[in-house]
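# Coordinate inspection notes
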Amino acid sequence: GLYSEDFTHWLHILSALLRDSDVVLQLASNSAWLAHLFEIIGLNVQFNSHKTIVTEYSVRSVANRTRVGERFRGRVLRMLRTVLQSYSASMCLAQGLLDLAGCTSSLMPTSSGFEEHPVSVECVSLLRHLFSVNVEWRESISSAVASSLSSSRFNSQGSCRLGVLHFVAGYLNGMRRG
């Protein structure tokens, strides 16, 4: 519909703008823009007092996550790849992305009927990219993985651990009749 076309045009414009390194730096330093992009992919984030580092996150409910289709959310995650390379590494944000990768996995039961596994794949891809190109992000992601696997950080749905499993072992598909 109209919403889909408008959103597609907005994403095209943003993709074109992200080819300019000055725009990337501006976007990476603007916490309001970043919060909006994270909200689109399904994460609510809180920043520190200087608005430079994510200090808290929560994964949005399935009903709120799926308002924007997985195709658009995947595209925003691919755009964040460029932006987050210029952003201060944050263990909390890495943990939020691991959690989002786990709770959008096809292995997680959802009552909504929406297919979210492309979002999970893009989260893992983003985390692996940041891990491979940036030392600070590598340290933050490693700390997030260790923290997610500790028993004190285990959440009731196990989505963080499932996100870590996807990050380390690759994307898993459920068992199917063959």
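Structure's up top.
First, a word on what this report is: a plain description of the structure on this page.

What counts, and at which threshold
Residues numbered from 1 in each chain as written. Predicted model: local features only at pLDDT ≥ 70, side-chain atom pairs only at ≥ 80, totals over all residues. Heavy atoms only, no water. Helix = DSSP H or I, 4+ residues; strand = E, 2+ residues; numbered from the N terminus. Contact = heavy atoms within 4.5 Å. Pairing = 2+ DSSP bridges. Axes fitted to C-alpha atoms, helices over the stretch in contact; angles between N-to-C directions. Parallel < 35°, antiparallel > 145°, perpendicular 65-115°, else oblique. Left-handed = near helix turned anticlockwise from the far one by under 90°. Nonpolar A, V, L, I, M, F, W, Y, C, P; charged D, E, K, R; others polar.

### Some remarks on the environment of Gly163
Inspection of the secondary structure puts Gly163 in helix α9 (residues 159-169). For Gly163 and Leu98, which are 65 residues apart along the polypeptide, the C-alpha to C-alpha distance reads 4.6 Å. In this structure, Gly163 is in contact with Leu98, Ala101 and Gly102, ignoring residues within four places of it in sequence.

### Thoughts on the pairing of strand β2 (residues 54-59)
Pairing of strand β1 (residues 43-47) with β2, which is carried by five bridges, proceeds in the antiparallel orientation. Across the sheet, the residue bridging to Gln46 is Glu56, located in β2. The hairpin formed by β1 and β2 contains six residues between the paired strands, and Lys51 there has a positive phi angle of roughly 60 degrees.

### Quick word on the packing of helix α8 (residues 135-149) against α9
Relative to each other, α8 and α9 sit at 130 degrees, their axes nearing to 9 Å. In terms of their interaxial angle, α8 and α9 are classed as oblique. Pair α8 / α9 crosses with left-handed handedness. Each of Ile141, Val145, Ser148 and Leu149 in α8 lies in contact with α9, whose residues at this interface are Cys160, Arg161, Val164 and Phe167. Classifying every residue of the contact of α8 with α9 by side-chain character gives six nonpolar, one polar and one charged.

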